[in-house]
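Analysis of the macromolecular model
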Amino acid sequence: MKILVIGSGGREHALVWKLAQSPRVTALFCAPGNAGTAALGTNVSVSMGDFAALTEVVEREGIGLTVVGPDEALAAGMVDHFQARGHRIFGPTREAARFEWSKIFAKEFMRRHGIPTAAFGRFAEAEEARAFLADQKYPVVVKADGLALGKGVIIAADRAEAEAAIGRIMEERLFGEAGARVVIEEFLTGQECSIHAVLDGENYLLFPGAQDHKTAFDGDTGPNTGGMGTYSPAPLLTPEREAAVRREVMEPFMAGLKTEGIFFQGLLFPGLMITADGLKVLEFNCRFGDPETQVLLPRLRSDLVEMIEAAIDGKLPDYEPVWDERAAVCVVMASEGYPGAYEKGRPISGLAEAGVSALVFHAGTAGR
Ligand code: AMP
Ligand code: GLY
């Protein structure tokens, strides 16, 4: 079978790397891909937003399965577009991906179904959001409702900072239309970890835990990023906590989907905070994490194609994953300046030497 992976990051290189190991795969394509995916398959220079061009590639090349990496593609309805044309694709529809593209929807769903999460208010008017601040404890967390490249969360130390955050998000539209509505929530303290689950519409299968490291620079002194590294397993996710994730998050989530008639096929990746008061869901992502995937897939010993097919066909209980007991750790090396403005096009050397003892996954690179 020929497989197409959508995206150009480290996550997609890890996906292509793992898929390439399956005896079921005859050829791999990646759109748009990077220099790493080019070494394992064929990069297709079609933009992720051009669904018509992508389904043309699928039809022309006889691609039997497409795997979507980025949240933007899911939010824009790539899965709906492919399915309407009869193409097999792994990932949630636009409606199901709403858990990620609308934080308000996710929070209200959690409230409806008793999933533990920070107390919150939601607002479409800046004035109402400001009024809500009067009786809050500080800090509070102000979040843009929509997708904002992982940057739409502002932790405000006091009321003045929270008012400024509302102004920047809702009035100045710092994150564009994503900030038309906001969630203001209670600040939680504790330690964060995340877990991936694959869903087939009816059943779910949990991956081992992973933890990402968000601050740039040594000694946790830098700004927050999408992830400077990860490791798996996550010692925080003890067997007791994993049982709590099943009982308090996954079971009510699956039951909630059923009650509300939402069909979810794909990856669900809840971010969790372990507080003194038990675990709380910070957010739901509806895709593989980046760079979580880079440590999870090297630990998966069984066939990823089989897992994905089982999920698409509603047969997850038939798939038995085998995980490597050994730990994996990923360190991200980025161009100086990241996550702010950084220089592009700088040469990278030493990859062959590094690849002798480590797996090297590319993100946003190009060959020359
Ligand atoms: P989110 O995109 O909602 O996961 O938020 C991004 C990051 O902001 C999280 O990984 C946390 O580090 C932090 N964060 C989000 N919500 C809260 C909260 N209620 N309390 C404390 N920190 C939070
Ligand atoms: N590493 C966090 C994410 O993929 O959202």
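The sections below set out a description of the structure shown in this document. (Residues numbered from 1 in each chain as written. Chains lettered and ligands numbered in written order. Predicted model: local features only at pLDDT ≥ 70, side-chain atom pairs only at ≥ 80, totals over all residues. Heavy atoms only, no water.)

**With respect to the site of ligand 2**
Defined as follows: Residue proximity to a molecule or strand is established when one non-hydrogen atom of the residue lies within 4 Å of it. Pairing of N or O atoms within 3.5 Å defines a polar contact, subject to two protein rules: one partner must be a possible hydrogen donor and the other a possible acceptor, and residues neighboring in sequence count only if both atoms are side-chain atoms. To be clear on the numbers: accessible area is Shrake-Rupley with a 1.4 Å probe, and residue cover counts the displayed protein chains and nothing else. Each residue gets one of three labels, nonpolar for Ala, Val, Leu, Ile, Met, Phe, Trp, Tyr, Cys and Pro, charged for Asp, Glu, Lys and Arg, and polar for the others, Gly among them.
In the vicinity of ligand 2, the contacting residues are Asp-212, Gly-226, Phe-269, Asn-285, Arg-287, Gly-289, Asp-290, Pro-291 and Glu-292. In the environment of ligand 2, an oxygen atom lies 2.8 Å from a nitrogen or oxygen atom belonging to the side chain of Arg-287. Between Glu-292 and ligand 2, the recorded distance is 2.9 Å, taken from a side-chain N or O atom to a nitrogen atom. Relative to its unbound accessible area of 200 Å², ligand 2 is 86% covered by the protein chains. Its residues assigned to classes, the shell around ligand 2 shows two nonpolar, three polar and four charged.

**Section: the site of ligand 1**
Note the cut-off: Per the convention used, a helix needs a DSSP run of H or I reaching at least four residues, while a strand needs a run of E reaching at least two, with both numbered from the N terminus.
In the vicinity of ligand 1, 14 residues are found, and the nearest of them are Glu-185, Glu-186, Leu-188, Glu-192 and Glu-283. One of the side-chain nitrogen or oxygen atoms of Lys-103 is found 3.2 Å away from an oxygen atom of ligand 1. A distance of 2.7 Å separates a nitrogen atom of ligand 1 from a polar side-chain atom of Glu-185. For ligand 1, the accessible surface in isolation is 470 Å², of which the surrounding protein chains cover 90%. For the shell around ligand 1, the secondary-structure elements that each account for two or more residues are strand 7 (140-144), strand 9 (182-186) and strand 14 (278-285). Its residues assigned to classes, the shell around ligand 1 shows seven nonpolar, no polar and seven charged.

**A few points about the packing of aromatic side chains**
Put simply, the rule is: Working definition: a ring pair exists when centres of Phe, Tyr or Trp rings (six-membered ring for Trp) sit within 6.5 Å. Plane angles under 30 degrees give stacked, over 60 give edge-to-face, the rest tilted. Exposure is judged per residue with a 1.4 Å probe applied to protein chains only, and the accessible area is read against the type maximum: over 50% gives exposed, under 20% gives buried, and values in between give partly exposed.
By the definition in use, this model includes 14 aromatic pairs. Centre to centre, the rings of Phe-123 and Phe-132 are 4.9 Å apart; their planes meet at 55 degrees, and the pair counts as tilted. With relative accessibility at 9%, the residue Phe-123 sits in the buried group. Look at Tyr-338 and Tyr-342: their rings are 6.1 Å apart centre to centre, the planes differ by 65 degrees, and that puts the pair in the edge-to-face class. A relative accessible area of 27% means that Tyr-338 is categorised as partly exposed. Residue class for Tyr-342 comes out partly exposed when judged on its relative accessible area of 38%. Through pairs of rings, three or more aromatic residues link up here, namely Phe-99, Phe-105, Phe-109, Phe-253, Phe-264 and Phe-284.

**Looking at the pairing of strand 7**
Put simply, the test is: The criterion for strand pairing is that DSSP finds at least two bridges linking the strands in question.
Burial runs high along strand 7: five of the five residues are buried. What you see with strand 7 is no split at all: Val-140, Val-142 and Ala-144 on one side and Val-141 and Lys-143 on the other are buried throughout. Sheet topology note: the strand 7/strand 8 (residues 153-156) ladder contains four bridges and is antiparallel. The residue of strand 8 that forms the bridge with Val-142 is Ile-154. The sheet contact formed by strand 7 and strand 9 spans five bridges and is antiparallel. By the bridge assignment for strand 9, Lys-143 is matched with Val-183.

**Focus on a nonpolar patch on the surface**
Keep this limit in mind: Put simply, a patch holds well-exposed residues, over 30% relative accessible area, that have no salt bridge, with like charges counted together within 9 Å and Val, Leu, Ile, Met, Phe, Trp or Tyr side chains within 5 Å. Whenever Lys or Arg places a side-chain nitrogen within 4 Å of a carboxyl oxygen from Asp or Glu, that contact is recorded as a salt bridge.
Where nonpolar side chains cluster on the molecular surface, the patch consists of Tyr-231, Val-329, Val-331 and Met-333 and spans about 500 Å² of accessible area. Secondary-structure assignment places Tyr-231 in strand 12 (residues 224-232). Judged by its relative accessible area of 36%, Tyr-231 falls in the partly exposed class.

**Description of the pattern of salt bridges**
Going through the model one piece at a time under the given rule, you end up with 24 salt bridges. When the shortest N-O distance is used, the salt bridge between Arg-181 and Asp-145 registers 3.4 Å. Of the two residues, Arg-181 sits in the loop between helix 9 (159-171) and strand 9 while Asp-145 sits in the loop between strand 7 and strand 8, which places them 36 residues apart along the sequence. Judged by relative accessible area, which is 28%, Arg-181 ranks as partly exposed. Given a relative accessible area of 8%, Asp-145 falls into the buried group. Between Glu-177 and Arg-173 there is a salt bridge, and its shortest N-O distance comes to 2.8 Å. Through salt bridges with shared partners, a single network forms among Arg-24, Arg-88, Glu-309 and Asp-313.

**Looking at helix 10 (residues 239-260)**
Selection criterion: Each helix should span, by expectation, one fewer than its residue count multiplied by 1.5 Å. The contact criterion used throughout is that any non-hydrogen atoms of two residues lie within 4.5 Å.
With 22 residues, helix 10 should cover 32 Å at 1.5 Å per step; its first-to-last C-alpha distance of 30 Å lies within 8% of that length. Among the residues making up helix 10, those that are buried are Ala-244, Val-245, Val-249, Met-250, Pro-252, Phe-253, Met-254, Gly-256 and Leu-257. Those residues of helix 10 that are buried are in contact with helix 6 (98-101), helix 7 (103-112), strand 10 (191-200), strand 11 (204-215), strand 13 (265-275) and strand 14. Remark: Gly-261 follows helix 10 within two positions and exhibits a positive phi of approximately 70 degrees.

**As for the nonpolar core**
Condition: Note on terminology: a nonpolar core comprises buried Ala, Val, Leu, Ile, Met, Phe, Trp, Tyr and Cys residues joined through side-chain atoms within 4.5 Å.
Residues Met-78, Phe-99, Leu-199, Met-250, Phe-253, Leu-257 and Phe-284 are the most contacted members of the largest nonpolar core, which totals 52 residues. If one sorts the elements of this core by residue count, helix 10 sits on top with seven residues. Ala-14, Val-25, Cys-30 and Ala-210 belong to the second largest nonpolar core, which has 35 residues in total.

**Re the environment of Arg-122**
Inspection of the secondary structure puts Arg-122 in strand 6 (residues 120-123). Taking C-alpha positions, Arg-122 is 42 Å from Gly-64, a pair spaced 58 residues apart along the chain. Sequence-distant contacts of Arg-122, that is, excluding residues within four places in its chain, are made with Ile-104, Glu-108, Arg-181, Val-182 and Val-183. Within the structure, the side chain of Arg-122 is placed 2.9 Å from the side chain of Glu-108, a separation counted as a polar contact.

Any link to function would need more than the numbers given here.
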